[in-house]
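# Secondary and tertiary structure notes
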Amino acid sequence: MSPENSTTDKSLNPFQRPRRLRRTATLRRMVRENTLTVNDLIYPMFVTEGEGQLVEIASMPGCYRYSLDLLLKEIAEVSELGINAIALFPVIPENKKDDTATQSYNPDGLVQQTVKAIKQAIPEIVVITDVALDPFTTHGHDGLVDENGTILNDHTVEVLVKMALSQAAAGTNFVAPSDMMDGRVGAIRQALDAEGYINVGILAYSAKYASAYYGPFRDALDSAPKFGDKKTYQMDAANAKEALKEIELDIAEGADIVMVKPALAYLDIICQVKEATNLPVAAYNVSGEYAMIKAAGQMGWIDEKQVILESLTSMKRAGADLILTYFAKEVALMLM
Ligand code: PBG
């Protein structure tokens, strides 16, 4: 009898022995249900004005604000690694912010210029641009604010539409409304179609929670709200059915891809959303999730690489087809 197939450890004799399929790496690969690949990854990147600028974000070690020249080099590199898409976020200097986010729809604004340059230099990379006012407003909210501090919905959507159109004109592939205003996906879809941008997709931040996990991202953009919080537009962490309602609305309004954000504390939502739709589902592995793993890794308290792979694999298992993650480049290198 071959030693591989027999053992003296057989007093119990259960009918099913699930460990049979976990015995060797080969067997484990054969029965593996989910596999993380580079095709799942979307890389969020921060662009800043100027030239030769590469500034590490203190609370996101390994993530940088890039000026356009260096951003293009980095995108060329990540594209070589097989990453298909980037999500772009602008760092707007304080003196260009105002109450109404005027710079958000400037045809020659930072995002618009950056998109044009990327599409010229590396046309194959899919470019996703965020649609929300917070990087552009002095108060740091995603929408327009009235004199009582209320975030206005419909007036905000008018600005979001202008912003999305300016990004489409610059050549973006997907606009990604992350503002959580009601009705914005439909308004943006109609406006894009009316202007002939039928191939510009909408990646909708459909179930976006009011989350403390966004802290490091707001450091990266200097975009923390100056008063109050985002709880009148982003969702309550306690709710799941509401996520399905938001998803349903965004699909009806024309979303091409729906997203759940954050990811790790919301795997149950990813799972339910995946069951509720046949559209691709994206998950955003947000800045705070990144920062926690990096910090514990730097302290030597966890095996950072293994924790990254385990976390992202859990998002796939939950049902995510796409994962926005600051780990994208690292993971692409690990998967090679
Ligand atoms: C802007 C926006 C935010 C994030 C993505 N787009 C911040 C916020 O809503 O306050 C967070 C991303 C992250 O934390 O990684 N609306």
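Attention here is on the structure that accompanies the text. Everything numeric here is computed off the predicted structure, so don't read it as measured data. (Residues numbered from 1 in each chain as written. Predicted model: local features only at pLDDT ≥ 70, side-chain atom pairs only at ≥ 80, totals over all residues. Heavy atoms only, no water.)

## Quick word on the overall build of the chain
Quick note on the threshold: Elements are defined by DSSP. Helices are runs of H or I of four residues or more, strands are runs of E of two residues or more, and each kind is numbered from the N terminus. Using C-alpha atoms as the atom set, the radius of gyration is obtained and then compared with a globule rule of 2.2 Å times the number of residues to the power 0.38. Relative accessibility decides the category of a residue: with a 1.4 Å probe and only protein chains considered, values under 20% of the type maximum give buried, values over 50% give exposed, and everything between is partly exposed. Throughout, the Shrake-Rupley method with a 1.4 Å probe supplies accessible areas, and for residues the shown protein chains are the sole cover considered. This count recognises Lys and Arg as positive and Asp and Glu as negative, with His and chain-terminal groups excluded. Charge positions come from single atoms, namely NZ of Lys, CZ of Arg, CG of Asp or CD of Glu.
Looking only at helices and strands, the chain features 11 helices and 12 strands. Computed over C-alpha atoms, the radius of gyration of the chain comes to 22 Å, within 12% of the 20 Å expected from 2.2 N^0.38 for 336 residues, which places it in the range of a compact globule. The principal-axis extents of the C-alpha atoms in the chain amount to approximately 80 × 45 × 40 Å. Classification of the 336 residues of the chain by burial places 49% in the buried group. As displayed, the chain offers around 16100 Å² of accessible surface, 52% of which is attributable to carbon and sulfur atoms. Positive and negative side-chain charges of the chain, numbering 32 and 45 respectively, have mean locations separated by a distance of 11 Å.

## Remarks on the pattern of salt bridges
Once their charged atoms are close, side chains differing in charge can pair, the charge on each being opposite to the other. To be explicit about the condition: A pairing counts as a salt bridge when a side-chain nitrogen of Lys or Arg comes within 4 Å of a carboxyl oxygen of Asp or Glu.
Tallied over the entire structure, the rule returns 17 salt bridges. Ionic pairing is found between K329 and E74, a salt bridge with its closest N-O pair at 3.0 Å. You can see K329 sitting in helix α11 (residues 328-335) and its partner E74 sitting in helix α2 (residues 68-80), a full 255 residues away along the chain. Take K329 and E74: they sit in the same class, and that class is buried. A salt bridge links R184 to D250; the nearest nitrogen and oxygen atoms lie 3.4 Å apart. Of this pair, R184 sits in helix α5 (residues 184-194) while D250 sits in helix α7 (residues 241-253), placing them 66 residues apart in sequence. Like D250, R184 is buried.

## Looking at the nonpolar core
Among soluble globular proteins, nonpolar side chains are generally buried collectively. Quick note on the threshold: Residues enter a nonpolar core if they are buried and are Ala, Val, Leu, Ile, Met, Phe, Trp, Tyr or Cys, with the set joined through side-chain atoms within 4.5 Å. Any two residues whose heavy atoms approach within 4.5 Å are treated as being in contact.
F46, I86 and Y284 are the most contacted members of the largest nonpolar core, which totals 98 residues. Considering every element that reaches this core, the biggest residue donor is helix α4 (residues 154-170), with 8 residues. If near-sequence neighbours (up to four positions away) are discounted, I86 is found in contact with I42, Y43, M45, I75, V78, I118, I125, V126, V127 and I128.

## Overview of empty space enclosed by the protein
Here is the rule we go by: Lining residues are those with an atom within 4 Å of a point, where the points come from a 1 Å grid over the protein atoms alone and group into cavities, where a 1.4 Å probe fits but cannot get out, or pockets, open sets with protein on both sides within 12 Å along at least five of seven lines. Grid points are joined across faces, edges and corners, and a volume is the space filled by probe spheres set on the points. The residue classification treats Ala, Val, Leu, Ile, Met, Phe, Trp, Tyr, Cys and Pro as nonpolar and Asp, Glu, Lys and Arg as charged. All others, Gly included, are polar.
Under the definition given, this model contains 2 cavities of 30 Å³ or more. Taken as a whole, the largest cavity holds about 160 Å³ of empty space. Together, 19 residues line the largest cavity, and D134, K208, Y214, F217 and K261 are the ones closest to its centre. At the level of secondary structure, the elements contributing two or more residues to the lining of the largest cavity comprise β9 (201-208) and α6 (215-221). When residues in the lining of the largest cavity are grouped by element, the largest group, 3 residues, is from α6. Here the residues of the lining of the largest cavity are counted per class, giving 9 nonpolar, 3 polar and 7 charged. What the second largest cavity holds in volume is close to 40 Å³. If you trace the second largest cavity, you find it lined by Y43, P44, M45, F46, C63, Y64 and Y66. Breaking the lining of the second largest cavity down by element, the ones donating at least two residues are β1 (41-48) and β3 (60-67). Top element by residues in the lining of the second largest cavity is β1. It accounts for 4 residues.

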